[in-house]
Protein chains: 2
Amino acid sequence: MSDAPTTPIEARARLELLGLGLAAQDVLFAHFDDAERRGKRGHGYARIAWLEERSFDLDASPGKTDSRPGLDRWDGHGALGYLTLQAICDDLIASPPATAKLAVATRCFPTGALGYWVRLVSEQAGLIALLTATSPRRLPHPDGSEALTGTNPLAIAIPSSGGPPIVVDVSMGAVTHGDVLAGLASPEELVPFGGKNAHKAFALAVGLELLVEALAGPEHGAVMLVARPEFDPVPGFRERAEGLRLPGDS
Amino acid sequence: MSDAPTTPIEARARLELLGLGLAAQDVLFAHFDDAERRGKRGHGYARIAWLEERSFDLDASPGKTDSRPGLDRWDGHGALGYLTLQAICDDLIASPPATAKLAVATRCFPTGALGYWVRLVSEQAGLIALLTATSPRRLPHPDGSEALTGTNPLAIAIPSSGGPPIVVDVSMGAVTHGDVLAGLASPEELVPFGGKNAHKAFALAVGLELLVEALAGPEHGAVMLVARPEFDPVPGFRERAEGLRLPGDS
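Residues numbered from 1 in each chain as written. Chains lettered and ligands numbered in written order. Predicted model: local features only at pLDDT ≥ 70, side-chain atom pairs only at ≥ 80, totals over all residues.

Colleague: Outline unusual backbone geometry, listing residues and values.
Modeller: Note: most peptide bonds trans; most residues except glycine with negative phi. All names here are of chain A. Residue proline 110 is bonded to the preceding phenylalanine 109 through a cis peptide linkage, with omega at -10°. With respect to the element layout, proline 110 can be found in the loop between β3 (100-106) and α5 (114-125). Although it is not a glycine, histidine 77 sits at a positive phi angle of roughly 50°. By secondary structure assignment, the location of histidine 77 is in the loop between β2 (71-75) and α4 (81-94). (Helix = DSSP H or I, 4+ residues; strand = E, 2+ residues; numbered from the N terminus.)

Pasting the structure below:
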(Lines give C-alpha, C1' and ligand atoms only; values in the text may rest on other atoms or scores of the structure.)
Protein backbone atom coordinates (compact mmCIF):
# COMPACT_ATOMS: atom_id res chain seq x y z
CA MET A 1 0.00 0.00 0.00
CA SER A 2 1.34 3.47 -0.85
CA ASP A 3 1.99 5.98 1.86
CA ALA A 4 -0.96 8.09 2.90
CA PRO A 5 -1.16 11.64 1.54
CA THR A 6 0.37 14.06 4.00
CA THR A 7 -1.30 17.32 2.97
CA PRO A 8 -4.82 18.35 2.00
CA ILE A 9 -3.55 19.27 -1.47
CA GLU A 10 -2.02 15.84 -1.99
CA ALA A 11 -5.16 14.21 -0.60
CA ARG A 12 -7.30 16.15 -3.07
CA ALA A 13 -5.04 15.27 -5.99
CA ARG A 14 -4.97 11.57 -5.22
CA LEU A 15 -8.74 11.48 -4.62
CA GLU A 16 -9.20 12.98 -8.08
CA LEU A 17 -7.04 10.24 -9.59
CA LEU A 18 -9.38 7.59 -8.17
CA GLY A 19 -11.78 8.55 -10.93
CA LEU A 20 -14.80 9.43 -8.80
CA GLY A 21 -17.07 12.30 -9.78
CA LEU A 22 -16.47 15.74 -8.28
CA ALA A 23 -19.34 15.57 -5.78
CA ALA A 24 -18.12 12.20 -4.50
CA GLN A 25 -14.57 13.53 -4.21
CA ASP A 26 -15.90 16.38 -2.07
CA VAL A 27 -17.77 14.00 0.23
CA LEU A 28 -14.73 11.79 0.75
CA PHE A 29 -12.32 14.69 1.17
CA ALA A 30 -14.53 16.35 3.79
CA HIS A 31 -14.75 13.10 5.73
CA PHE A 32 -11.04 12.24 5.58
CA ASP A 33 -9.98 15.79 6.33
CA ASP A 34 -12.24 16.00 9.38
CA ALA A 35 -10.86 12.68 10.64
CA GLU A 36 -7.29 13.99 10.24
CA ARG A 37 -8.12 17.16 12.18
CA ARG A 38 -9.64 15.10 15.00
CA GLY A 39 -6.64 12.81 15.20
CA LYS A 40 -8.56 9.79 13.89
CA ARG A 41 -5.93 9.06 11.29
CA GLY A 42 -7.15 5.53 10.63
CA HIS A 43 -10.23 7.19 9.10
CA GLY A 44 -8.25 10.01 7.48
CA TYR A 45 -5.98 10.35 4.46
CA ALA A 46 -4.70 6.80 5.03
CA ARG A 47 -8.00 5.66 3.55
CA ILE A 48 -7.07 7.22 0.21
CA ALA A 49 -4.09 4.89 -0.06
CA TRP A 50 -6.43 2.05 1.00
CA LEU A 51 -8.97 2.96 -1.68
CA GLU A 52 -6.21 3.12 -4.31
CA GLU A 53 -5.74 -0.62 -3.85
CA ARG A 54 -9.39 -1.51 -4.15
CA SER A 55 -11.68 -1.70 -7.10
CA PHE A 56 -15.13 -0.26 -6.69
CA ASP A 57 -17.91 0.96 -8.91
CA LEU A 58 -16.99 4.56 -9.72
CA ASP A 59 -20.43 5.44 -11.04
CA ALA A 60 -22.55 3.71 -8.40
CA SER A 61 -24.95 5.94 -6.58
CA PRO A 62 -26.95 5.13 -3.44
CA GLY A 63 -30.71 5.42 -3.51
CA LYS A 64 -33.69 5.51 -1.21
CA THR A 65 -35.67 2.37 -1.92
CA ASP A 66 -38.57 2.87 0.48
CA SER A 67 -39.91 5.61 2.71
CA ARG A 68 -42.66 5.08 5.23
CA PRO A 69 -43.56 6.76 8.50
CA GLY A 70 -40.85 5.83 10.98
CA LEU A 71 -38.48 4.20 8.50
CA ASP A 72 -36.52 4.89 5.33
CA ARG A 73 -34.64 2.20 3.45
CA TRP A 74 -31.54 2.88 1.40
CA ASP A 75 -29.36 0.72 -0.82
CA GLY A 76 -25.73 1.57 -1.46
CA HIS A 77 -26.03 0.00 -4.93
CA GLY A 78 -22.32 -0.72 -4.83
CA ALA A 79 -21.27 2.83 -3.97
CA LEU A 80 -18.73 3.54 -1.23
CA GLY A 81 -20.48 3.62 2.14
CA TYR A 82 -19.35 7.20 2.72
CA LEU A 83 -21.55 8.26 -0.18
CA THR A 84 -24.55 6.36 1.14
CA LEU A 85 -24.24 7.90 4.60
CA GLN A 86 -23.79 11.35 3.09
CA ALA A 87 -26.94 10.87 1.01
CA ILE A 88 -28.87 9.76 4.10
CA CYS A 89 -27.63 12.75 6.11
CA ASP A 90 -28.42 15.18 3.28
CA ASP A 91 -31.91 13.76 3.07
CA LEU A 92 -32.53 13.97 6.82
CA ILE A 93 -31.18 17.52 6.93
CA ALA A 94 -33.38 18.56 4.00
CA SER A 95 -36.47 16.83 5.42
CA PRO A 96 -36.04 16.21 9.14
CA PRO A 97 -38.75 13.99 10.61
CA ALA A 98 -41.39 15.60 12.82
CA THR A 99 -40.77 12.95 15.48
CA ALA A 100 -38.29 10.13 14.88
CA LYS A 101 -37.09 8.05 11.99
CA LEU A 102 -34.94 5.00 11.42
CA ALA A 103 -32.78 5.00 8.29
CA VAL A 104 -31.60 1.54 7.25
CA ALA A 105 -28.77 1.26 4.73
CA THR A 106 -28.20 -2.03 2.97
CA ARG A 107 -24.78 -2.61 1.38
CA CYS A 108 -23.12 0.34 3.05
CA PHE A 109 -19.35 -0.01 3.46
CA PRO A 110 -16.93 1.51 4.35
CA THR A 111 -18.62 3.96 6.67
CA GLY A 112 -15.62 5.78 8.14
CA ALA A 113 -15.77 7.55 11.49
CA LEU A 114 -19.42 7.25 12.54
CA GLY A 115 -19.16 10.29 14.81
CA TYR A 116 -18.79 12.43 11.69
CA TRP A 117 -22.24 11.53 10.38
CA VAL A 118 -24.13 11.95 13.63
CA ARG A 119 -22.38 15.26 14.21
CA LEU A 120 -23.47 16.39 10.76
CA VAL A 121 -27.20 15.82 11.29
CA SER A 122 -26.98 17.08 14.84
CA GLU A 123 -25.26 20.33 13.85
CA GLN A 124 -27.17 20.94 10.64
CA ALA A 125 -30.66 19.72 11.51
CA GLY A 126 -30.66 19.95 15.32
CA LEU A 127 -31.50 16.26 15.56
CA ILE A 128 -30.47 13.63 18.06
CA ALA A 129 -28.72 10.91 16.08
CA LEU A 130 -27.58 7.38 16.85
CA LEU A 131 -25.67 5.33 14.28
CA THR A 132 -24.10 1.91 14.08
CA ALA A 133 -22.63 -0.06 11.21
CA THR A 134 -21.15 -3.48 10.56
CA SER A 135 -17.75 -4.23 9.08
CA PRO A 136 -15.59 -7.33 8.56
CA ARG A 137 -15.62 -9.77 11.48
CA ARG A 138 -12.60 -9.09 13.66
CA LEU A 139 -13.65 -9.60 17.30
CA PRO A 140 -13.58 -13.05 18.90
CA HIS A 141 -15.67 -14.24 21.83
CA PRO A 142 -13.96 -13.34 25.14
CA ASP A 143 -13.58 -17.07 25.83
CA GLY A 144 -11.71 -17.43 22.53
CA SER A 145 -13.13 -18.21 19.10
CA GLU A 146 -12.74 -17.23 15.50
CA ALA A 147 -13.77 -13.64 14.79
CA LEU A 148 -17.53 -13.37 15.26
CA THR A 149 -18.39 -9.68 14.93
CA GLY A 150 -17.10 -6.44 13.50
CA THR A 151 -15.80 -3.76 15.81
CA ASN A 152 -19.28 -2.26 15.30
CA PRO A 153 -19.02 1.28 16.64
CA LEU A 154 -21.93 3.07 18.23
CA ALA A 155 -22.10 6.82 17.68
CA ILE A 156 -24.53 9.18 19.39
CA ALA A 157 -24.83 12.94 18.94
CA ILE A 158 -26.92 15.23 21.11
CA PRO A 159 -27.35 18.83 19.92
CA SER A 160 -26.93 21.73 22.30
CA SER A 161 -28.33 25.23 22.43
CA GLY A 162 -25.07 26.37 23.98
CA GLY A 163 -22.38 25.23 21.58
CA PRO A 164 -21.20 22.10 19.84
CA PRO A 165 -23.07 18.82 20.30
CA ILE A 166 -21.79 16.01 22.46
CA VAL A 167 -20.61 13.32 20.04
CA VAL A 168 -19.92 9.80 21.26
CA ASP A 169 -18.18 7.36 18.90
CA VAL A 170 -17.15 4.10 20.52
CA SER A 171 -15.82 1.01 18.77
CA MET A 172 -16.10 -2.26 20.66
CA GLY A 173 -12.48 -3.23 19.95
CA ALA A 174 -9.64 -2.74 22.43
CA VAL A 175 -7.54 -1.44 19.53
CA THR A 176 -8.46 -0.52 15.98
CA HIS A 177 -7.89 -2.57 12.86
CA GLY A 178 -5.99 0.46 11.58
CA ASP A 179 -3.58 0.15 14.51
CA VAL A 180 -2.97 -3.48 13.59
CA LEU A 181 -2.37 -2.58 9.92
CA ALA A 182 0.04 0.14 10.99
CA GLY A 183 1.95 -2.23 13.28
CA LEU A 184 0.96 -0.23 16.36
CA ALA A 185 -0.90 -3.19 17.83
CA SER A 186 -0.72 -6.94 17.36
CA PRO A 187 -3.64 -8.89 15.85
CA GLU A 188 -4.07 -10.61 19.24
CA GLU A 189 -4.90 -7.24 20.81
CA LEU A 190 -7.90 -6.77 18.51
CA VAL A 191 -10.40 -8.21 21.00
CA PRO A 192 -13.48 -6.69 22.68
CA PHE A 193 -12.36 -3.88 25.00
CA GLY A 194 -12.84 -4.07 28.74
CA GLY A 195 -10.24 -6.51 30.06
CA LYS A 196 -12.03 -8.60 32.69
CA ASN A 197 -15.28 -6.97 31.53
CA ALA A 198 -14.65 -7.78 27.85
CA HIS A 199 -17.89 -9.78 27.80
CA LYS A 200 -19.68 -6.42 28.01
CA ALA A 201 -18.09 -4.94 24.89
CA PHE A 202 -18.52 -8.28 23.13
CA ALA A 203 -22.23 -8.33 24.01
CA LEU A 204 -22.64 -4.80 22.64
CA ALA A 205 -20.82 -5.79 19.44
CA VAL A 206 -23.11 -8.81 19.05
CA GLY A 207 -26.27 -6.78 19.69
CA LEU A 208 -25.29 -4.09 17.21
CA GLU A 209 -24.15 -6.67 14.61
CA LEU A 210 -27.49 -8.46 14.73
CA LEU A 211 -29.48 -5.22 14.87
CA VAL A 212 -27.94 -4.14 11.60
CA GLU A 213 -28.20 -7.59 10.01
CA ALA A 214 -31.84 -8.03 11.05
CA LEU A 215 -32.72 -4.72 9.41
CA ALA A 216 -30.23 -4.40 6.54
CA GLY A 217 -29.33 -7.97 5.65
CA PRO A 218 -26.15 -10.03 5.63
CA GLU A 219 -23.89 -7.61 3.73
CA HIS A 220 -22.30 -4.77 5.72
CA GLY A 221 -24.88 -2.13 6.49
CA ALA A 222 -25.71 0.80 8.71
CA VAL A 223 -28.65 1.82 10.86
CA MET A 224 -29.25 5.41 11.93
CA LEU A 225 -31.92 6.64 14.30
CA VAL A 226 -32.75 10.33 14.38
CA ALA A 227 -35.22 12.09 16.64
CA ARG A 228 -36.21 15.62 17.39
CA PRO A 229 -35.09 16.66 20.90
CA GLU A 230 -37.70 17.91 23.35
CA PHE A 231 -35.18 19.03 25.96
CA ASP A 232 -31.71 20.60 25.95
CA PRO A 233 -29.58 18.72 28.50
CA VAL A 234 -26.09 19.38 27.12
CA PRO A 235 -25.40 22.85 28.62
CA GLY A 236 -26.25 21.63 32.13
CA PHE A 237 -24.19 18.50 31.63
CA ARG A 238 -21.15 20.47 30.52
CA GLU A 239 -21.55 22.69 33.56
CA ARG A 240 -21.57 19.69 35.90
CA ALA A 241 -18.49 18.28 34.15
CA GLU A 242 -16.65 21.54 34.94
CA GLY A 243 -14.30 21.72 32.01
CA LEU A 244 -13.45 18.03 31.79
CA ARG A 245 -13.03 16.73 28.26
CA LEU A 246 -16.32 15.24 27.09
CA PRO A 247 -16.92 12.84 24.17
CA GLY A 248 -16.45 14.52 20.81
CA ASP A 249 -14.61 17.56 22.15
CA SER A 250 -11.57 18.57 20.15
CA MET B 1 -33.21 -2.72 55.03
CA SER B 2 -34.89 -6.08 55.70
CA ASP B 3 -33.51 -9.23 54.16
CA ALA B 4 -34.74 -10.05 50.69
CA PRO B 5 -37.46 -12.69 50.35
CA THR B 6 -35.91 -16.08 49.72
CA THR B 7 -38.80 -17.93 48.07
CA PRO B 8 -41.40 -17.06 45.44
CA ILE B 9 -44.14 -17.50 48.05
CA GLU B 10 -42.49 -15.06 50.43
CA ALA B 11 -41.85 -12.65 47.55
CA ARG B 12 -45.55 -12.78 46.60
CA ALA B 13 -46.67 -12.24 50.18
CA ARG B 14 -44.40 -9.27 50.78
CA LEU B 15 -45.33 -7.72 47.42
CA GLU B 16 -48.98 -7.93 48.46
CA LEU B 17 -48.19 -6.09 51.69
CA LEU B 18 -46.78 -3.16 49.72
CA GLY B 19 -50.38 -2.24 48.96
CA LEU B 20 -50.21 -2.26 45.17
CA GLY B 21 -53.13 -3.52 43.10
CA LEU B 22 -53.14 -7.13 41.94
CA ALA B 23 -52.15 -6.39 38.35
CA ALA B 24 -49.17 -4.34 39.51
CA GLN B 25 -48.14 -7.09 41.92
CA ASP B 26 -48.15 -9.54 39.02
CA VAL B 27 -45.97 -7.26 36.89
CA LEU B 28 -43.42 -6.79 39.66
CA PHE B 29 -43.39 -10.44 40.66
CA ALA B 30 -42.83 -11.61 37.09
CA HIS B 31 -39.93 -9.19 36.72
CA PHE B 32 -38.25 -10.00 40.04
CA ASP B 33 -38.76 -13.72 39.62
CA ASP B 34 -37.25 -13.70 36.13
CA ALA B 35 -34.24 -11.77 37.44
CA GLU B 36 -33.75 -14.33 40.23
CA ARG B 37 -33.88 -17.20 37.76
CA ARG B 38 -31.28 -15.50 35.56
CA GLY B 39 -28.96 -14.85 38.48
CA LYS B 40 -29.46 -11.06 38.36
CA ARG B 41 -30.24 -10.91 42.04
CA GLY B 42 -29.74 -7.16 42.29
CA HIS B 43 -32.88 -6.86 40.15
CA GLY B 44 -34.66 -9.75 41.89
CA TYR B 45 -36.39 -10.26 45.23
CA ALA B 46 -33.89 -7.87 46.87
CA ARG B 47 -35.88 -5.10 45.23
CA ILE B 48 -38.92 -5.98 47.33
CA ALA B 49 -36.98 -5.18 50.48
CA TRP B 50 -35.79 -2.01 48.74
CA LEU B 51 -39.35 -1.00 47.85
CA GLU B 52 -40.51 -1.64 51.43
CA GLU B 53 -38.33 1.26 52.52
CA ARG B 54 -39.58 3.67 49.91
CA SER B 55 -42.80 5.60 49.63
CA PHE B 56 -44.42 5.71 46.25
CA ASP B 57 -47.83 6.42 44.82
CA LEU B 58 -49.71 3.13 45.08
CA ASP B 59 -52.49 4.19 42.75
CA ALA B 60 -50.40 5.93 40.09
CA SER B 61 -50.80 4.57 36.60
CA PRO B 62 -48.67 5.31 33.55
CA GLY B 63 -50.32 6.69 30.45
CA LYS B 64 -49.62 7.32 26.80
CA THR B 65 -49.60 11.07 26.36
CA ASP B 66 -48.97 11.28 22.62
CA SER B 67 -48.86 8.92 19.68
CA ARG B 68 -47.64 9.91 16.26
CA PRO B 69 -46.04 8.02 13.39
CA GLY B 70 -42.58 7.03 14.55
CA LEU B 71 -42.98 8.05 18.18
CA ASP B 72 -45.12 7.41 21.26
CA ARG B 73 -44.75 9.40 24.45
CA TRP B 74 -45.53 7.99 27.87
CA ASP B 75 -45.57 9.49 31.34
CA GLY B 76 -45.05 7.36 34.43
CA HIS B 77 -47.32 9.74 36.38
CA GLY B 78 -45.49 8.74 39.54
CA ALA B 79 -45.93 4.99 39.05
CA LEU B 80 -43.02 2.59 39.51
CA GLY B 81 -40.99 2.41 36.31
CA TYR B 82 -41.62 -1.32 36.03
CA LEU B 83 -45.30 -0.57 35.46
CA THR B 84 -44.55 2.03 32.82
CA LEU B 85 -42.27 -0.32 30.87
CA GLN B 86 -44.82 -3.12 31.14
CA ALA B 87 -47.52 -0.80 29.79
CA ILE B 88 -45.27 0.20 26.89
CA CYS B 89 -44.44 -3.43 26.10
CA ASP B 90 -48.10 -4.46 26.31
CA ASP B 91 -49.02 -1.67 23.94
CA LEU B 92 -46.28 -2.55 21.43
CA ILE B 93 -47.21 -6.23 21.57
CA ALA B 94 -50.89 -5.43 21.03
CA SER B 95 -50.17 -2.96 18.21
CA PRO B 96 -46.72 -3.56 16.78
CA PRO B 97 -45.60 -0.84 14.38
CA ALA B 98 -45.51 -1.65 10.67
CA THR B 99 -41.95 -0.31 10.45
CA ALA B 100 -40.27 1.21 13.52
CA LYS B 101 -41.26 3.23 16.53
CA LEU B 102 -39.58 5.09 19.36
CA ALA B 103 -41.31 4.94 22.74
CA VAL B 104 -40.20 7.70 25.12
CA ALA B 105 -41.05 7.35 28.81
CA THR B 106 -40.84 10.41 31.03
CA ARG B 107 -40.57 9.83 34.77
CA CYS B 108 -39.84 6.15 34.52
CA PHE B 109 -37.90 4.71 37.47
CA PRO B 110 -36.91 2.14 38.59
CA THR B 111 -36.71 0.16 35.39
CA GLY B 112 -35.12 -3.09 36.62
CA ALA B 113 -33.24 -5.41 34.30
CA LEU B 114 -33.66 -3.87 30.86
CA GLY B 115 -33.02 -7.17 29.11
CA TYR B 116 -36.35 -8.39 30.50
CA TRP B 117 -38.36 -5.79 28.59
CA VAL B 118 -36.61 -6.16 25.24
CA ARG B 119 -36.90 -9.94 25.54
CA LEU B 120 -40.63 -9.54 26.15
CA VAL B 121 -41.38 -7.59 22.98
CA SER B 122 -38.94 -9.68 21.00
CA GLU B 123 -40.49 -12.98 22.07
CA GLN B 124 -44.11 -11.86 22.04
CA ALA B 125 -44.20 -9.52 19.05
CA GLY B 126 -41.21 -10.68 17.02
CA LEU B 127 -39.75 -7.19 17.13
CA ILE B 128 -36.17 -6.01 17.33
CA ALA B 129 -35.94 -3.91 20.50
CA LEU B 130 -33.34 -1.54 21.92
CA LEU B 131 -33.83 0.06 25.34
CA THR B 132 -31.90 2.40 27.59
CA ALA B 133 -32.81 4.20 30.79
CA THR B 134 -31.30 6.68 33.20
CA SER B 135 -30.87 6.23 36.92
CA PRO B 136 -29.12 8.12 39.75
CA ARG B 137 -25.71 9.49 38.82
CA ARG B 138 -23.04 7.06 39.97
CA LEU B 139 -20.27 7.00 37.35
CA PRO B 140 -17.44 9.56 37.46
CA HIS B 141 -15.34 10.75 34.53
CA PRO B 142 -12.37 8.39 33.97
CA ASP B 143 -10.05 11.29 34.88
CA GLY B 144 -11.87 11.62 38.21
CA SER B 145 -14.89 13.78 39.03
CA GLU B 146 -18.09 13.68 40.97
CA ALA B 147 -20.62 11.19 39.59
CA LEU B 148 -21.80 12.47 36.22
CA THR B 149 -23.99 9.73 34.74
CA GLY B 150 -26.07 6.75 35.73
CA THR B 151 -24.84 3.27 34.90
CA ASN B 152 -27.25 3.58 31.94
CA PRO B 153 -27.58 0.09 30.57
CA LEU B 154 -28.19 -0.61 26.91
CA ALA B 155 -30.32 -3.64 26.10
CA ILE B 156 -30.87 -5.06 22.63
CA ALA B 157 -32.99 -8.07 21.65
CA ILE B 158 -33.02 -9.71 18.25
CA PRO B 159 -35.72 -12.32 17.60
CA SER B 160 -34.86 -15.61 15.97
CA SER B 161 -36.80 -18.09 13.87
CA GLY B 162 -34.77 -20.86 15.42
CA GLY B 163 -35.19 -20.43 19.17
CA PRO B 164 -34.81 -17.79 21.82
CA PRO B 165 -33.75 -14.26 20.89
CA ILE B 166 -30.27 -12.93 21.52
CA VAL B 167 -30.62 -10.51 24.43
CA VAL B 168 -27.84 -8.07 25.26
CA ASP B 169 -28.05 -6.10 28.52
CA VAL B 170 -24.91 -4.15 29.35
CA SER B 171 -24.48 -1.61 32.13
CA MET B 172 -21.65 0.87 31.75
CA GLY B 173 -20.40 0.33 35.32
CA ALA B 174 -17.49 -1.96 36.22
CA VAL B 175 -19.61 -3.26 39.11
CA THR B 176 -23.28 -2.76 39.98
CA HIS B 177 -24.70 -0.43 42.58
CA GLY B 178 -26.33 -3.54 44.03
CA ASP B 179 -22.87 -5.06 44.55
CA VAL B 180 -21.81 -1.94 46.42
CA LEU B 181 -24.95 -2.03 48.60
CA ALA B 182 -24.34 -5.71 49.33
CA GLY B 183 -20.72 -5.06 50.32
CA LEU B 184 -19.46 -7.16 47.39
CA ALA B 185 -17.68 -4.17 45.84
CA SER B 186 -16.37 -0.89 47.18
CA PRO B 187 -17.89 2.44 46.08
CA GLU B 188 -14.55 3.24 44.41
CA GLU B 189 -15.05 0.31 42.06
CA LEU B 190 -18.27 1.78 40.70
CA VAL B 191 -16.61 3.46 37.72
CA PRO B 192 -17.07 3.05 33.95
CA PHE B 193 -15.96 -0.45 32.94
CA GLY B 194 -13.02 -1.03 30.65
CA GLY B 195 -9.90 -0.36 32.70
CA LYS B 196 -7.52 1.55 30.42
CA ASN B 197 -10.44 1.82 27.95
CA ALA B 198 -12.84 3.17 30.58
CA HIS B 199 -13.26 6.32 28.47
CA LYS B 200 -15.25 4.14 26.05
CA ALA B 201 -17.82 2.97 28.60
CA PHE B 202 -17.97 6.49 30.02
CA ALA B 203 -18.66 7.90 26.55
CA LEU B 204 -21.46 5.38 26.03
CA ALA B 205 -22.94 6.26 29.43
CA VAL B 206 -22.83 9.97 28.53
CA GLY B 207 -24.41 9.42 25.13
CA LEU B 208 -27.22 7.29 26.53
CA GLU B 209 -27.79 9.69 29.45
CA LEU B 210 -28.19 12.66 27.13
CA LEU B 211 -30.25 10.69 24.60
CA VAL B 212 -32.79 9.92 27.30
CA GLU B 213 -32.69 13.42 28.77
CA ALA B 214 -33.06 15.10 25.38
CA LEU B 215 -36.16 13.04 24.68
CA ALA B 216 -37.69 12.42 28.11
CA GLY B 217 -36.53 15.34 30.23
CA PRO B 218 -34.42 15.75 33.35
CA GLU B 219 -36.14 13.17 35.56
CA HIS B 220 -35.14 9.53 35.10
CA GLY B 221 -36.65 8.17 31.93
CA ALA B 222 -36.43 5.43 29.35
CA VAL B 223 -36.25 5.26 25.57
CA MET B 224 -37.16 2.14 23.63
CA LEU B 225 -36.78 1.62 19.90
CA VAL B 226 -38.64 -1.23 18.24
CA ALA B 227 -38.50 -2.26 14.61
CA ARG B 228 -39.78 -5.08 12.50
CA PRO B 229 -36.95 -7.35 11.33
CA GLU B 230 -36.50 -7.93 7.60
CA PHE B 231 -33.88 -10.66 8.02
CA ASP B 232 -33.24 -13.51 10.46
CA PRO B 233 -29.52 -13.45 11.35
CA VAL B 234 -29.59 -15.19 14.75
CA PRO B 235 -29.60 -18.87 13.63
CA GLY B 236 -26.55 -18.33 11.45
CA PHE B 237 -24.80 -16.37 14.17
CA ARG B 238 -25.39 -19.12 16.73
CA GLU B 239 -24.01 -21.62 14.25
CA ARG B 240 -20.83 -19.63 13.77
CA ALA B 241 -20.46 -19.30 17.56
CA GLU B 242 -20.50 -23.12 17.81
CA GLY B 243 -22.09 -23.53 21.21
CA LEU B 244 -20.33 -20.64 22.96
CA ARG B 245 -22.49 -18.80 25.45
CA LEU B 246 -24.06 -15.80 23.77
CA PRO B 247 -25.64 -12.74 25.40
CA GLY B 248 -28.92 -13.52 27.12
CA ASP B 249 -28.44 -17.29 27.15
CA SER B 250 -29.32 -18.99 30.42
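Colleague: A description of the relation of the copies chain A and chain B should follow, citing residues and the corresponding values.
Modeller: Take chain A, turn it by 180°, move it 0.0 Å along the axis, and it overlays chain B with an RMSD of 0.0 Å. One copy is carried onto the other by what is essentially a two-fold rotation axis. Comparing interface residues between copies, 100% of those in chain A also lie at the interface in chain B; the contact surface is shared. (Least-squares fit on C-alpha atoms with pLDDT ≥ 70 in both. Contact = placed C-beta atoms within 7 Å.)

Colleague: Before we move on, could you go through the domain arrangement of chain A and cite the residues and values that matter?
Modeller: Residues and elements named next belong to chain A. Domain parsing of chain A yields domain 1 (1-55) and domain 2 (60-241). Each of domain 1 and domain 2 has a C-alpha centre, and these two points are 21 Å apart. Between domain 1 and domain 2, the residue contacts involve 10 residues of the former and eight residues of the latter. When residues in the side of domain 1 that touches domain 2 are grouped by element, the largest group, six residues, is from helix α2 (residues 22-37). Residues of the side of domain 1 that touches domain 2, tallied by class, amount to five nonpolar, three polar and two charged. (Domains from an automatic or database assignment. Nonpolar A, V, L, I, M, F, W, Y, C, P; charged D, E, K, R; others polar.)

Colleague: Which residues make up the nonpolar core, and what are the values?
Modeller: In this structure, Val118 and Leu211 of chain A together with Val118 and Leu211 of chain B are the most contacted members of the largest nonpolar core, which totals 158 residues. Those residues in contact with leucine 211 of chain A that sit more than four places away from it in its chain are Thr132 and Val223 of chain A together with Ile128, Leu130, Ile156 and Ile158 of chain B. (Core = buried A, V, L, I, M, F, W, Y, C linked by C-beta atoms within 7 Å. Buried ≥ 20, exposed ≤ 12 C-beta atoms within 10 Å, placed from the backbone.)

Colleague: Before we move on, could you go through the sheet that holds β2 of chain A and cite the residues and values that matter?
Modeller: Neighbouring strands of a sheet are bound in pairs by backbone hydrogen bonds; such pairs are parallel or else antiparallel. All names here are of chain A. Pairing in this open sheet of seven strands is mixed, and the strands run β1-β2-β3-β9-β4-β7-β8 from one edge to the other. What marks the edges here is a single partner per strand, and that holds for β1 (63-68) and β8 (166-170). Each adjacent strand pair in this sheet contributes to an overall mean axis angle of 10°, direction not counted. Where β1 meets β2, five bridges bridge the pair, whose relative direction is antiparallel. Across the sheet, lysine 64 pairs through a bridge with tryptophan 74, a residue of β2. Sheet contacts for helix α7 (residues 198-216): β3, β4 (128-133), β7 (154-158) and β9 (222-227); angle to β9, the most-contacted strand, approximately 90°. (Pairing = 2+ DSSP bridges. Axes fitted to C-alpha atoms, helices over the stretch in contact; angles between N-to-C directions.)

Colleague: For the confidence of the model for chain A, give the residues involved together with the corresponding values.
Modeller: Looking at chain A as a whole, the pLDDT averages 96, with 100% of positions reaching at least 70. Across the interfaces of the predicted complex, the ipTM metric reaches 0.98, alongside a pTM of 0.98. (pLDDT = per-residue confidence, 0-100.)

Colleague: Residues and numbers for the interface of chain A and chain B, please.
Modeller: Quoted interface sizes are often the accessible area lost when the parts come together. Contacts between the two partners involve 51 residues from chain A, matched on the other side by 51 residues from chain B. Contributing elements (two or more residues each) for the side of chain A that touches chain B: β3, β4, β7, β8, α7, β9 and α8 (234-241) of chain A. It is α7 of chain A that contributes the most residues to the side of chain A that touches chain B, 10 residues altogether. For the side of chain A that touches chain B, a count of residues per class yields 35 nonpolar, nine polar and seven charged.

Colleague: Residues and numbers for the environment of aspartate 33 of chain A, please.
Modeller: Residue and element names in this part refer to chain A. With respect to the helices and strands, aspartate 33 occurs in helix α2. Classification of aspartate 33 as partly exposed rests on a count of 15 C-beta atoms within 10 Å. Each C-alpha atom of the pair aspartate 33 and alanine 11 lies 8.6 Å from the other, and the pair is 22 residues apart in sequence. Filtering out sequence-adjacent residues up to four positions away, aspartate 33 remains in contact with Pro8 and Ala11.

Colleague: Give a description of α5 of chain A that names residues and reports values.
Modeller: Residues and elements named next belong to chain A. For α5, built from 12 residues, the straight-helix expectation of 16 Å at 1.5 Å per residue is met to within 8% by its first-to-last C-alpha distance of 17 Å. Within α5, nine of the 12 residues are buried, which leaves the element mostly enclosed by the surrounding structure. Listing the buried residues of α5 in full gives Leu114, Gly115, Tyr116, Trp117, Val118, Arg119, Leu120, Val121 and Ser122. Against the buried residues of α5 lie α2, α4, β4, β7, β8 and β9. (Expected span 1.5 Å × (residues − 1).)

Colleague: Report on the packing of α4 of chain A against α5 of chain A, specifying residues and quantitative values.
Modeller: Residue and element names in this part refer to chain A. For the pair α4 and α5, the least separation of the axes is 10 Å and the interaxial angle reads 20°. If you check the angle between α4 and α5, you find them roughly parallel. Considering how the two elements wind past one another, α4 and α5 form a crossing that is right-handed. Contact with α4, carried on its side by Leu85, Cys89, Leu92 and Ile93, involves Trp117, Leu120, Val121, Gln124 and Ala125 of α5 and no other residues of that element. (Parallel < 35°, antiparallel > 145°, perpendicular 65-115°, else oblique. Left-handed = near helix turned anticlockwise from the far one by under 90°.)

Colleague: Lay out the sheet that holds strand β4 (residues 128-133) of chain B with the relevant residues and their values.
Modeller: All names here are of chain B. With mixed pairing, the seven strands of this open sheet are ordered in space as β1-β2-β3-β9-β4-β7-β8. Every other strand in the sheet has two partners, leaving β1 (63-68) and β8 (166-170) as the edge strands with one partner each. Across the sheet, the mean angle separating the axes of adjacent strands is 10° when strand polarity is ignored.

Colleague: If you had to explain the pairing of strand β7 (residues 154-158) of chain B to someone new, which residues and values would you point to?
Modeller: Residue and element names in this part refer to chain B. Buried residues dominate β7, accounting for five of its five residues. Direction of pairing for β4 relative to β7: antiparallel, over a ladder of four bridges. Residue pairing in the sheet places leucine 130 in a bridge with isoleucine 156 of β7. Inspection of the sheet shows β7 paired to β8 by five bridges, in the antiparallel sense. Residue pairing across strands places isoleucine 158 opposite isoleucine 166, the latter belonging to β8.

Colleague: Explain the packing of helix α2 (residues 22-37) of chain B against helix α4 (residues 81-94) of chain B to me, and be specific about the residues and the numbers.
Modeller: All names here are of chain B. At a minimum axis distance of 10 Å, the contact between α2 and α4 shows a crossing angle of 95°. Classified by the angle their axes make, α2 and α4 are roughly perpendicular. For the pair α2 and α4, the contacting residues are Ala24, Val27, Leu28 and His31 in the first and Tyr82, Leu83 and Gln86 in the second. Its residues assigned to classes, the contact of α2 with α4 shows five nonpolar, two polar and no charged.

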